[in-house]
Amino acid sequence: MTLQERIADPAAMLTRVDAVASAQLMPKVREIDAGLYPEDIMRAFGEAGAYGVHVSAPAMDMGQTIQAIARAGEECISTAFCMWCQNALAWYIASSDNAALRSTLLPKVAKGQALGGTGLSNPMKTFFGIETMRLKGTRTDKGYTVKGALPWVSNVGEDGYFGIVFSVGEGEGVKHVMAVARGDQQGVKTVLDHDFMSMAGTATRSVQFRDALIEDLFVLADPIDGYLQKIRPGFVLMQCGMALGMIRSSIKLMEQVRGQLGHVNKYLEKQPEDFQAMLDELEAEIMELAQTPYDTSVSYFRRVVTARLRGGEASTDAAHFAMLHCGARGFVSKGAAQRRLRESYFIAVVTPATKQLRKMLADLPAA
């Protein structure tokens, strides 16, 4: 059975995702906020088909993937972020020339049977002049041995898969190689040691590599040139699902208190209708961009980065006004508004963060 045959019609997929979000995710959002990693829910979304439509040839549909992430994000950004991690891992594998991984690991990732993360926070910053590459590789007869450490790798259990990029000395120069690593392989150690104000339930680990062997079987691109330009628009664009979900949720919170507080909330600068108009415009742009995720032109990537930036800024703005509209009832310890406000800042700081997105736009050639 091919991957396409395993994944149902996209419209039906979103119906199943909605059911999982309503029946399984919504009742657990406070536990996830407190640190519970929702492994059972992540696998349920996989069974619903949420990780496969954007990697299923010939009818690849990144728009449906973004909408699935958005639906989870209406309830919980931690879970939506983990879904993005899972979808990014599938995207890496599906976009590579590694036929062996595409036939073996990809179907498991697409169905949520193998969970994993992206591991590209450091490389994304490195390639835009913000950090230096943390992982170094040395060629062996079987692949590469890798040393170094990554401080932020999310949606990864002890046996989880995740993408990595490492630099390799080549003559007087340096090349970069992208591959898939596994948390329980020899030479790799993962530690859950982060204490976040939000997003504690994302299974975010620090990962150490101590001469870990990355076999050629798990190499996605050697060198990364060309492949990076191919995957980066989708990598960034799929994050917009978190923003769509956050804005929808914030509008809903504002509308929920209109009956009781509308007489005074009407004096606030922004109303639900203002955010709905902005959301409609942003969503239309994101869905149009999702039709051509392999477009490697600079003009297209500028549009993707701009949409991601607008989504992140609108998320914090919408969550801010949701808190103002809810007032004291949103400020209590179990209030939905304060939880969404904390989560909204994650969208602004996760790689690529607001400041990096602005740097990227400044550095990219004018369209």
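Residues numbered from 1 in each chain as written. Predicted model: local features only at pLDDT ≥ 70, side-chain atom pairs only at ≥ 80, totals over all residues. Heavy atoms only, no water.

Engineer: Just to check I follow, could you spell out the overall build of the protein for this structure?
Structural biologist: When helices and strands are tallied, the protein shows 16 helices and eight strands. Relative to its length of 367 residues, the protein is compact, with a C-alpha radius of gyration of 20 Å against a globular reference of 21 Å. In terms of overall dimensions, the protein has C-alpha extents of about 70 × 45 × 40 Å along its principal axes. When burial is assessed residue by residue, the protein has 57% of its 367 residues classed as buried. Only carbon and sulfur atoms are counted for the fraction: they give 52% of the accessible area of the protein, which is about 15300 Å². (Helix = DSSP H or I, 4+ residues; strand = E, 2+ residues; numbered from the N terminus. Rg over C-alpha atoms; globule rule 2.2 N^0.38 Å. Buried < 20%, exposed > 50% of the residue type's maximum accessible area, 1.4 Å probe, protein only. Areas by Shrake-Rupley, 256 points an atom, 1.4 Å probe, with all protein chains shown as cover.)

Engineer: For this particular structure, what's the right way to read the pairing of strand 3 (residues 143-153)?
Structural biologist: For a regular strand, side chains alternate in direction, first toward one face of the sheet and then toward the other. In this sheet, strand 3 lies alongside strand 2 (residues 135-139) in antiparallel orientation, the contact comprising five bridges. If you follow Leu 135 over to strand 3, its bridge partner there is Gly 148. Taking the residues that link successive antiparallel strands as the turn, the strand 2-strand 3 hairpin has three residues. Two elements, strand 3 and strand 7 (residues 205-215), share nine bridges in a ladder whose sense is antiparallel. Pairing of Ala 149 across the sheet is with Gln 208, part of strand 7. (Pairing = 2+ DSSP bridges.)

Engineer: Explain the packing of helix 10 (residues 240-256) against helix 12 (residues 272-289) here, please?
Structural biologist: Axis separation between helix 10 and helix 12 bottoms out at 10 Å; the angle between their running directions is 160°. Of the possible angle classes, the one that applies to helix 10 and helix 12 is roughly antiparallel. Of the two possible hands of crossing, helix 10 and helix 12 adopt the one that is left-handed. Contacts from Cys 240, Leu 244, Ile 247, Arg 248, Ile 251, Met 254 and Glu 255 in helix 10 reach Pro 272, Phe 275, Gln 276, Met 278, Leu 279, Leu 282, Glu 283 and Ile 286 in helix 12. Here the contact of helix 10 with helix 12 is composed, by residue class, of eleven nonpolar, one polar and three charged. (Axes fitted to C-alpha atoms, helices over the stretch in contact; angles between N-to-C directions. Parallel < 35°, antiparallel > 145°, perpendicular 65-115°, else oblique. Left-handed = near helix turned anticlockwise from the far one by under 90°. Contact = heavy atoms within 4.5 Å. Nonpolar A, V, L, I, M, F, W, Y, C, P; charged D, E, K, R; others polar.)

Engineer: What exactly am I supposed to notice about the nonpolar core here?
Structural biologist: Phe 45, Met 83, Tyr 92, Ile 93, Met 178 and Leu 237 are the most contacted members of the largest nonpolar core, which totals 100 residues. Ignoring anything within four residues of it in the chain, the contact list for Met 178 reads Tyr 92, Leu 120, Ile 164, Val 165, Val 219, Leu 220, Ala 221, Ile 224, Tyr 227 and Ile 231. (Core = buried A, V, L, I, M, F, W, Y, C linked by side-chain atoms within 4.5 Å.)

Engineer: Whenever I open this one, the packing of aromatic side chains confuses me. Can you help?
Structural biologist: Within a pair of aromatic rings, the relevant descriptors are the distance that separates the centres and the angle that separates the planes. Tallying each qualifying case throughout the model produces seven aromatic pairs. On the numbers, 5.7 Å between centres and 25° between planes, the contact of Phe 81 with Trp 84 is stacked. Here Phe 81 and its partner Trp 84 are both found in helix 6 (residues 77-94), three residues apart, which amounts to about one turn of the helix. The exposure class assigned to Trp 84 is buried, which follows from its relative accessible area of 2%. Considering the side-chain rings of Phe 162 and Phe 209, the 6.2 Å spacing of their centres and the 65° angle between planes classify their relative orientation as edge-to-face. Of this pair, Phe 162 sits in strand 4 (residues 161-170) while Phe 209 sits in strand 7; the two residues are 47 residues apart in sequence, bridging distant segments of the chain. Of the residues examined, Phe 162 reaches a relative accessible area of 0% and is grouped as buried. Members of the aromatic cluster, connected to one another through ring pairs, are Phe 81, Trp 84, Phe 235 and Phe 346. Between Arg 139 and the ring centre of Tyr 144, over which it is positioned, the NZ or CZ distance is 4.8 Å. (Phe/Tyr/Trp six-rings, centres within 6.5 Å; stacked < 30°, edge-to-face > 60°. Lys NZ or Arg CZ within 6 Å of the ring centre and 35° of its normal.)

Engineer: Can you help me understand the environment of Gln 291 in this one?
Structural biologist: Relative to the assigned elements, Gln 291 resides in the loop between helix 12 and helix 13 (298-326). Along the primary structure Gln 291 and Met 62 are separated by 229 residues, whereas in three dimensions their C-alpha atoms are 7.0 Å apart.

Engineer: Is there a simple way to explain the layout of surface pockets in this structure?
Structural biologist: Left-over empty space is what a probe sized like a water molecule reveals as it rolls over the atoms. Put simply, the largest pocket is a space of about 630 Å³. Along the walls of the largest pocket sit 29 residues, with Trp 152, Phe 346, Val 349, Val 350 and Thr 351 positioned nearest its centre. Broken down by secondary-structure element, the contributors of at least two residues to the lining of the largest pocket are helix 6, helix 8 (121-126), strand 3, helix 15 (336-349) and helix 16 (354-363). Tallying contributions element by element places helix 15 first for the lining of the largest pocket, with four residues. Reported here for the second largest pocket is a volume of approximately 430 Å³. The wall of the second largest pocket is formed by 22 residues, among which Val 29, Glu 75, Ala 336, Arg 339 and Arg 340 lie closest to the centre. At the level of elements, helix 3 (29-33), helix 10 and helix 15 are the ones that each hand at least two residues to the lining of the second largest pocket. Split into classes, the residues belonging to the lining of the second largest pocket amount to five nonpolar, six polar and eleven charged. (1 Å grid on protein atoms, 1.4 Å probe; cavity = no way out; pocket = protein on both sides within 12 Å on 5 of 7 lines; lining within 4 Å. Points joined across faces, edges and corners; volume = space filled by probe spheres on them.)

Engineer: In this structure, what is going on with unusual backbone geometry? I would like to understand it.
Structural biologist: For residues other than glycine, phi is negative in most cases, and the peptide bonds are mostly trans. Here Asp 222 and Pro 223 are connected by a cis peptide whose omega angle stands at 0°. Of note, Pro 223 is situated in the loop between strand 8 (219-221) and helix 9 (227-237). Backbone torsion omega between Thr 351 and Pro 352 reads -5°, so that peptide bond is classified as cis. Within the secondary structure layout, Pro 352 lies in the loop between helix 15 and helix 16. Although it is not a glycine, Asp 211 sits at a positive phi angle of roughly 55°. Along the chain, the position of Asp 211 falls in strand 7.

Engineer: Which parts of the structure should I look at to understand the confidence of the model for the protein?
Structural biologist: Of the residues in the protein, 96% have a pLDDT of 70 or more, and the chain-wide mean is 93. Every residue in residues 1-7 scores below 50 in pLDDT, and together they form 16 contacts with partners more than four places removed in sequence or on other chains. (pLDDT = per-residue confidence, 0-100.)

Engineer: I would appreciate a short explanation of the pattern of salt bridges in the present structure.
Structural biologist: Where charged atoms from two side chains of opposite charge come close, those side chains can pair. Following the criterion strictly, the structure yields 24 salt bridges and no others. Linking Arg 71 and Glu 74 is a salt bridge whose minimum nitrogen-to-oxygen distance equals 3.9 Å. For Arg 71, a relative accessible area of 12% corresponds to the buried category. Under the relative-accessibility criterion, Glu 74 is labelled partly exposed at 24%. The shortest N-O distance in the salt bridge between Glu 74 and Arg 248 comes to 3.1 Å. One end of the pair, Glu 74, is in the loop between helix 5 (62-73) and helix 6; the other, Arg 248, is in helix 10, with 174 residues separating them in the sequence. One network of salt bridges, in which partners are shared, links Asp 18, Arg 71, Glu 74, Glu 75, Arg 248 and Glu 283. (Salt bridge = Lys/Arg side-chain N within 4 Å of Asp/Glu carboxyl O.)

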